[in-house]
Protein chains: 2
Amino acid sequence: MANLGIKDIAALAKVSPATVSRVFSSPDLVSKKTLDKVKKVVDEVGYRPNRMGASLRTRKSGNIVAIIPDITKPVNAGIIRAIEQGAQSAGYSVLLGDTQGLEEREQHYADLVSHGQADGVLLFGSRIPFKVDESLPLGPQLPPLVNGNEGIESDEIVKVAVDNEAAAKAAVNYLISIGHKRIAAITGPSDVPSSRKRTKGYKSALIEAGIEVEDVLQIEGEYDVKSGVDCAQKLLLLRQRPTAIFCFNDDMAIGAMQFLQQQGFKIPEDISVMGFDDINYAEYVTPSLSTVHQPLQEIGTACINLLLKQLNGEKVEPGSQYLPFSLKIRNSTGVAPK
Amino acid sequence: MANLGIKDIAALAKVSPATVSRVFSSPDLVSKKTLDKVKKVVDEVGYRPNRMGASLRTRKSGNIVAIIPDITKPVNAGIIRAIEQGAQSAGYSVLLGDTQGLEEREQHYADLVSHGQADGVLLFGSRIPFKVDESLPLGPQLPPLVNGNEGIESDEIVKVAVDNEAAAKAAVNYLISIGHKRIAAITGPSDVPSSRKRTKGYKSALIEAGIEVEDVLQIEGEYDVKSGVDCAQKLLLLRQRPTAIFCFNDDMAIGAMQFLQQQGFKIPEDISVMGFDDINYAEYVTPSLSTVHQPLQEIGTACINLLLKQLNGEKVEPGSQYLPFSLKIRNSTGVAPK
DNA sequence: AGATGATATGAAAACGTTTCATTTATGTTA
DNA sequence: TAACATAAATGAAACGTTTTCATATCATCT
C-alpha cells in the first residue's frame, strides 16, 4: 500500500502522467471521457497528488510565513486569524513564526523563503530580517513581503496599519475635550516605530491645544500588564499628578488601572485611563476600558491580500495603507476632576 | 542571478553534488579540506539548499500542522506558542490551521499530511478529520498525531491534557469547603468532551459531599464571554439562586461577573464566581478571578514532544497523559453568605 | 614496499510533479 | 476525398535534492 504516484495512476488509467496532472490542475484541457476515467481510478486507489513534487517543479511552495513577535498577544492573534483565512481561501498555508522578539528566530523564519519553503513573508516585527545591501534600493532585494502594524519605517516596503499617529492624537484630543490638561502617557519601547508614532500623535495633540509637553509625564513601558503597573506607580509618585493616563496598549492600561484602584484611586473620578487596541477583555475589566479600536480583522485581510497580489506577480506600490481606527469610549474615562 | 543549485556549487567547488549534500547534512563524513572548500564557495555565491528538493527525496516535509478551533482564545494561543518553540528547535515548522470549528477546514488541514505537506498533526478539535474504517483499529490508520485538551474520547490516540474531571472536582470541592451548597455550573457545549469531563467532576464533587445535583443549576454555555452573560442571567432568574457559580472557562466567568455586578450583586459577598483556564487577564478583572490554572506551556511542550517522538519513529503508547493543574484562589470567591 | 582497513569521494538513480514540444485523433472545409 | 485546422493526448526532460554502491585515496602496520 505504498503511496501511489502520478505515474501509477497514469498507468492504471492508461493515460500519460501529464494527463493525470492536468486532471487536477487544469481539468478543462482534458476530454470529459478521460477525465472521468482518471477520476475513477483516483477514487478507487485513493491517490493524493504530492505537493512536494509539484512545488519542486513549479518552484512555489504554496506557503507563506507570518513572522510575529508574540502570538499570545490578542492583537496579533486577531490579525493572524484573518490572515490564515485569506491565505487558505487562496490556496496558501500559513507557517507560524512566533519569534518572541528574538532576532535569531526572525532570521530563521525569514530564511524559509530562501530555502524555498515559503513564497512570501508577513512581517510584524520591527526589523527586516534579510541581508540587505544598504547602497541598493531595498525593494528588489526583498521577497514578496508586507509589514503590519507600522513596525518598519522604510518607505520602500508595503505596509498595512492603523495610522498610529492620528489615532493617538485622536485619543488625546478626546481626553482634552473632556477637560484634561495634565495627560500622561505610558508609551511602548522607544525602539518600536509604532510606539514612536503614537508618541508623536500624543505630543502634537497637546501642542495644538496649547498644553505644555512634559517629559516626566511620558513613561516608557514594555507593552505588558506588569509594566502598566510599574509605570502607573511612577506616575503616582509625581509631585503633580496627571488627571488622565493614555496607555499605548490595553495591557498596560489594565495594569495601570489595577494599580491605581489598589491605591484607592477611583477611575474615572480621580484619574481617567485610556488604552489602545480594544482587545476583547477591554470591555470586561472594571471599569470597562476606553480605548482606541483597531480593526484587526481588516488589518489581517489587507495584509494577506497585498501579499497575495505580490505572489501573483502584480506590482504593489510600497508605502503605508492606513485602515480606519475608532475611539471606543467606555467607563474608564470621564471629565477631569476640577 | 538565478538561484544556484547543488550541482552548481559542486561544479564551482570541483566536487560532486553528493559531497555538497554531505557538507550540510553530515559534515563529519567529509574531510576538513573539502569541507572548507565547499563552504567557501557556498558563502561566496550565497547558496541555500532547497528544502523542496530535499523533501521530495526524503519524503519528509519538515512541517507539522496544528489544527485549532480558534487561535484567538488565550488558552490555544498559549499552547501553540510552546508548540512552535519545540517544533522549531527540532527543525520543524508549524503550519497554522485555525478551523473556526468548521469541519470542512479541519478536513483541509488534515489533508495536508496526505498531500505530503506535513508530517504530523497536532489536533485540538474534537473530531478526527481522517477517513477511518470503523471496523479496523484506529491507531494504524492515522498519521503521527497527538490530541490536546481531551478533545477526543478514543483511547487509541495519544492525548495530552489536564485531567479535566479531577480539576473540576477540585474546584467544586473548594467551593464546598468554603461553605457553598448551592453551586451552579456554566458548562461548555455538551458535545465537547472536555466539557463533559468537567461536568462529571462537578457532579461527583457534589455527590460526594452529599449535595443534590440539580439540573436547573447547570446551564450550557458556548465558552465565550457573551454566553457567560446569558447564562448568569438565567441563573439569576432561578427561584432559589446559587451562592456560587463555577464557569467552565474564564471567558464565561468574566461575562458572568460582568453581568452580576451590573445587576448590583457583590462578588464574592453575594455570589462567588470561579473560572477555568487562568488566562492572563483573569488576574486583572475586578475582582480578580479565582480559577483553575492550566499549565499551557507544559501542555504545548508535551504535545510537541510526543509528536516528535512519533516522527522519529518511536512508538508512543496511546492514552491520556495528564499534566498537573492547580487552583488559583483570588478574590472572586469567598465564604458562602449565610 | 605491500597489504589492509578506514575514510573520502563520485556516479547515478530515484522522489512526484509540470511543461514544452510532439504526435495522434477528430472534425471541417474546399 | 484530400487537405487542413483544431483538439486531445503523449513523451521526455527537468526541478534540486539524498542516498546507495562502488571506487579511489589515505594512513598504518608488518
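Residues numbered from 1 in each chain as written. Chains lettered and ligands numbered in written order. Predicted model: local features only at pLDDT ≥ 70, side-chain atom pairs only at ≥ 80, totals over all residues. Heavy atoms only, no water.

1. Side note on the side chain of Arg330(B)
All names here are of chain B.
Then comes step 1: Mapped onto the elements of the fold, Arg330 is located in the segment after strand 12 (326-328).
Then comes step 2: For Arg330, a relative accessible area of 15% puts it in the buried group.
Then comes step 3: Among the polar contacts made by the side chain of Arg330, one reaches the side chain of Asp278 at a distance of 3.0 Å.
Then comes step 4: Beyond its immediate stretch of four places on either side in the chain, Arg330 contacts Asp278, Ala282, Glu283, Ser288, Leu289, Ser290 and Thr291. (Helix = DSSP H or I, 4+ residues; strand = E, 2+ residues; numbered from the N terminus. Buried < 20%, exposed > 50% of the residue type's maximum accessible area, 1.4 Å probe, protein only. Polar contact = N/O pair within 3.5 Å; in protein donor to acceptor, adjacent residues only side chain to side chain. Contact = heavy atoms within 4.5 Å.)

2. A short note on the packing of helix 2 (residues 17-25) of chain A against helix 3 (residues 32-45) of chain A
Residue and element names in this part refer to chain A.
Then comes step 1: For the pair helix 2 and helix 3, interaxial distance at closest approach is 10 Å and the crossing angle is 90°. Classified by the interaxial angle, the pair formed by helix 2 and helix 3 is roughly perpendicular. Seen from helix 2, the contacting residues are Val20, Val23 and Phe24; seen from helix 3, they are Leu35, Val38, Lys39 and Val42.
Then comes step 2: Tallied by class, the residues present in the contact of helix 2 with helix 3 amount to 6 nonpolar, no polar and 1 charged. (Axes fitted to C-alpha atoms, helices over the stretch in contact; angles between N-to-C directions. Parallel < 35°, antiparallel > 145°, perpendicular 65-115°, else oblique. Nonpolar A, V, L, I, M, F, W, Y, C, P; charged D, E, K, R; others polar.)

3. A few points about empty space enclosed by the protein
Then comes step 1: Taken as a whole, this structure holds 1 cavity of 30 Å³ or more when the rule is applied.
Then comes step 2: When the residues that make up the lining of the largest cavity are grouped by side-chain class, the tally is 4 nonpolar, 4 polar and no charged. (1 Å grid on protein atoms, 1.4 Å probe; cavity = no way out; pocket = protein on both sides within 12 Å on 5 of 7 lines; lining within 4 Å. Points joined across faces, edges and corners; volume = space filled by probe spheres on them.)

4. Comments concerning the interface of chain B and chain A
Often the size quoted for an interface is simply the accessible area lost on bringing the parts together.
Then comes step 1: Of the residues lining the interface, 51 residues belong to chain B; the matching set on chain A comes to 51 residues.
Then comes step 2: Together, the buried faces of chain B and chain A total about 5,000 Å²; carbon and sulfur atoms form 51% of this surface.
Then comes step 3: At the boundary of chain B with chain A, the tally comes to 6 salt bridges.
Then comes step 4: The closest approach of N and O atoms between Arg81(A) and Asp98(B), which form a salt bridge, is 3.2 Å. (Buried area = accessible area lost by both parts, 1.4 Å probe. Salt bridge = Lys/Arg side-chain N within 4 Å of Asp/Glu carboxyl O.)

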